[in-house]
Amino acid sequence: MNTLPITQNVSLLPYNTFGMDVHAENFIAIKEAATLSQLMSDPQWQHMSKFILGGGSNILFTKDVPGLVIHINNRGIEQVAEDAQHIWLKIAAGENWHQFVLHCVTQEYAGIENLSLIPGTVGAAPMQNIGAYGVEIKDVFIELEAISLTDGSLRTFSHKECEFAYRHSIFKQQYKNQYAIMNVTLRLNKHPHFHIDYGAIQTTLELMGIDKPNIQAISDAVIKIRQEKLPDPKVIGNAGSFFKNPEIHPDKFNTIQNTHPDIPFYKTQNNLVKIPAAWLIEQCGFKGKRVGDIGVHDRQALVLVNHGSGEGAQIKALSEQIQKTVADKFGLMLEREVNIF
Ligand code: FAD
Ligand code: NAP
């Protein structure tokens, strides 16, 4: 049996986009499923607390991580099936999501072009059912394979078993840190149906002079919008949207609308009303606010930022202050999207 490549007291600064310099008591990068299976059969490690880490773009560390941090870093894209309409790809969890999207765009496999430039790994994508511009990974998802961190067994999860919902799956709560997702199988389309009626895609395509968009053009438009609006984590620490958009009952919405007639909203498929959390936060005066080295982004109020030496606990405290202020003003409790440790 090979010695497991576990190191001690490892800084997680290069492994999280908020730029928090916390330490892992023990750290291992998993490049092959076999290494994780070996780990799970080793008495020294099998009962230790474990934290699974992908690209660290949806996590706020507020303290050092005791036990073992398992960084999923396996690679590979395999075509597993094909018919006249579709192509099935099995992607290793450690692959970079955006690089995989670009691979599909180049091959003209449609379905995930709206999900361009989302940071992180393929393996974490089902975790919160990543979504943007009216598309979610659940729309192309077939199944995933995951290793149990309880007994080391390999389990296949079907679409239904993942219990996907808005920025949610079974792995975000019930099975959090219990299964390491090792690969994901997606079904892409050779004959695309485009989604361009969401957010600023249509107007951006027009500005780019494109009247008949293809997969590449939509990906380019999404990248352009995101680069103009969102802070680049390499420049300003952040983890994207800190809160989910609240989806509320129409009666509750009508009550809020009576006192705030200009409130933006979208009707959802499950007969609820979605309100952009960014608008609620902006109405409470937080947009662009900076306290020391932490704050709220000046172009997108949903994004909390670390300008340099901010600490996780400070960002968490700011998020709670935002939650309380929004609750006092609108009677709505914002739910966090970012994972906190
Ligand atoms: P990590 O941050 O490493 O982990 C996130 C969670 O998943 C943790 O709880 C971790 O334990 C768990 N996890 C990670 N890998 C695995 C695995 N292999 N098996 C089991 N559990 C695992 N999200 C969107 O949905 N839509 C967006 O448009 C979007 N835009 C963003 C823009 C910016 C600038 C940033 C910084 C973030 C954005 N995000 C967005 C959030 C984030 O990119 C996604 O949630 C992404 O899928 C996280 O991937 P990751 O590998 O970085 O996960
Ligand atoms: P935007 O286009 O300014 O829109 C604001 C909000 O309104 C979005 O949150 C979006 O909800 C909703 N919305 C816009 N058009 C809609 C439509 N036609 N139907 C239903 N809802 C609509 O948003 P943005 O901040 O620039 O982000 C663009 C997209 O990227 C959004 O889908 C957003 O979720 C995604 N994004 C996600 C993250 C993250 O970390 N999770 C970070 C950045 C961007 P939804 O958010 O529910 O789509």
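In the block above lies the structure referred to throughout.
So, a few notes on the structure that sits alongside this text. These numbers were taken from a predicted model, which means no experiment stands behind them.

## Some thoughts on the pattern of salt bridges
For side chains of opposite charge, pairing can occur when their charged atoms come near one another.
So, point 1. Summed over the entire model, instances satisfying the criterion amount to 14 salt bridges.
So, point 2. With a shortest N-O distance of 3.9 Å, glutamate 161 and arginine 155 are connected by a salt bridge.
So, point 3. Note on arginine 155: relative accessible area 27%, which makes it partly exposed.
So, point 4. With a closest N to O distance of 3.9 Å, aspartate 298 and arginine 299 form a salt bridge.
So, point 5. Looking at arginine 299, the relative accessible area reads 43%, which means it is partly exposed.

## Some remarks on the packing of helix α3 (residues 97-107) against helix α6 (residues 215-229)
So, point 1. The contact between α3 and α6 brings their axes to 9 Å, and the two run at 150°. With respect to α6, the element α3 is oriented roughly antiparallel. Here His98, Leu102 and Val105 of α3 come into contact with α6, specifically with Ile215, Gln216, Ser219 and Ile223.
So, point 2. When its residues are assigned to classes, the contact of α3 with α6 shows four nonpolar, three polar and no charged.

## Some details on helix α1 (residues 33-40)
So, point 1. Of the positions making up α1, those classed as buried are Thr35, Leu36, Gln38, Leu39 and Met40.
So, point 2. Against β2 (23-30), α2 (43-46), β3 (50-53), β5 (65-72), β10 (141-148) and β12 (179-189) lie the buried residues of α1.

## Comments concerning the site of ligand 2
So, point 1. In the neighbourhood of ligand 2, 19 residues make up the surrounding shell, with Arg167, Tyr198, Lys229, Gln300 and Glu337 lying closest.
So, point 2. Side-chain polar atom of arginine 167 to an oxygen atom of ligand 2: 2.6 Å apart, as the coordinates give it.
So, point 3. In the environment of ligand 2, an oxygen atom lies 2.8 Å from a nitrogen or oxygen atom belonging to the side chain of lysine 274.
So, point 4. When ligand 2 is considered free in solution it has 800 Å² of accessible area, and contact with the protein chains removes 80% of it.
So, point 5. Elements represented by at least two residues in the shell around ligand 2 include exactly β8 (131-132), α6 and β13 (237-241).
So, point 6. Residue composition of the shell around ligand 2, grouped by class: seven nonpolar, six polar and six charged.

## Details of the site of ligand 1
So, point 1. Around ligand 1 lies a shell of 35 residues, among which Ile52, Gly55, Ser57, Thr121 and Arg226 are the nearest.
So, point 2. In this structure, a nitrogen atom belonging to ligand 1 sits 2.8 Å away from a main-chain N or O atom of isoleucine 181.
So, point 3. At a separation of 2.6 Å, a nitrogen atom of ligand 1 approaches a polar side-chain atom of arginine 226.
So, point 4. For ligand 1, the protein covers 96% of the area, taking 980 Å² as the surface of the free molecule.
So, point 5. Put simply, the parts of the chain that give the shell around ligand 1 at least two residues each are β3, β8, β12 and β13.
So, point 6. Looking at the shell around ligand 1 residue by residue, the classes come out as 17 nonpolar, 15 polar and three charged.

## Description of the sheet that holds β13
So, point 1. Taken together, the four strands give an open sheet; going across it, the order is β13-β19-β18-β17, and neighbouring strands pair in antiparallel fashion. With partners counted over all chains shown, the strands left at the sheet margins are β13 and β17 (290-291), one partner each.
So, point 2. In terms of strand pairing, β17 meets strand β18 (residues 294-296) through two bridges, oriented antiparallel. Residue pairing in the sheet places arginine 290 in a bridge with glycine 295 of β18.

## Description of the sheet that holds strand β16 (residues 273-274)
So, point 1. Taken in spatial order, the three strands of this open sheet run β14-β16-β15, and their pairing is antiparallel. Of all the strands in the sheet, the pair left with one neighbour each is β14 (247-248) and β15 (266-267).
So, point 2. Two strands pair when backbone bridges link them, and β15 and β16 are joined in this way by two bridges, in the antiparallel orientation. Looking across to β16, one finds that lysine 267 is bridged to valine 273.

Procedures and definitions
Residues numbered from 1 in each chain as written. Chains lettered and ligands numbered in written order. Predicted model: local features only at pLDDT ≥ 70, side-chain atom pairs only at ≥ 80, totals over all residues. Heavy atoms only, no water. Salt bridge = Lys/Arg side-chain N within 4 Å of Asp/Glu carboxyl O. Buried < 20%, exposed > 50% of the residue type's maximum accessible area, 1.4 Å probe, protein only. Axes fitted to C-alpha atoms, helices over the stretch in contact; angles between N-to-C directions. Helix = DSSP H or I, 4+ residues; strand = E, 2+ residues; numbered from the N terminus. Parallel < 35°, antiparallel > 145°, perpendicular 65-115°, else oblique. Contact = heavy atoms within 4.5 Å. Nonpolar A, V, L, I, M, F, W, Y, C, P; charged D, E, K, R; others polar. Near = heavy atom within 4 Å. Polar contact = N/O pair within 3.5 Å; in protein donor to acceptor, adjacent residues only side chain to side chain. Areas by Shrake-Rupley, 256 points an atom, 1.4 Å probe, with all protein chains shown as cover. Pairing = 2+ DSSP bridges.

Everything listed here is a matter of coordinates, which is why it stays silent on function.
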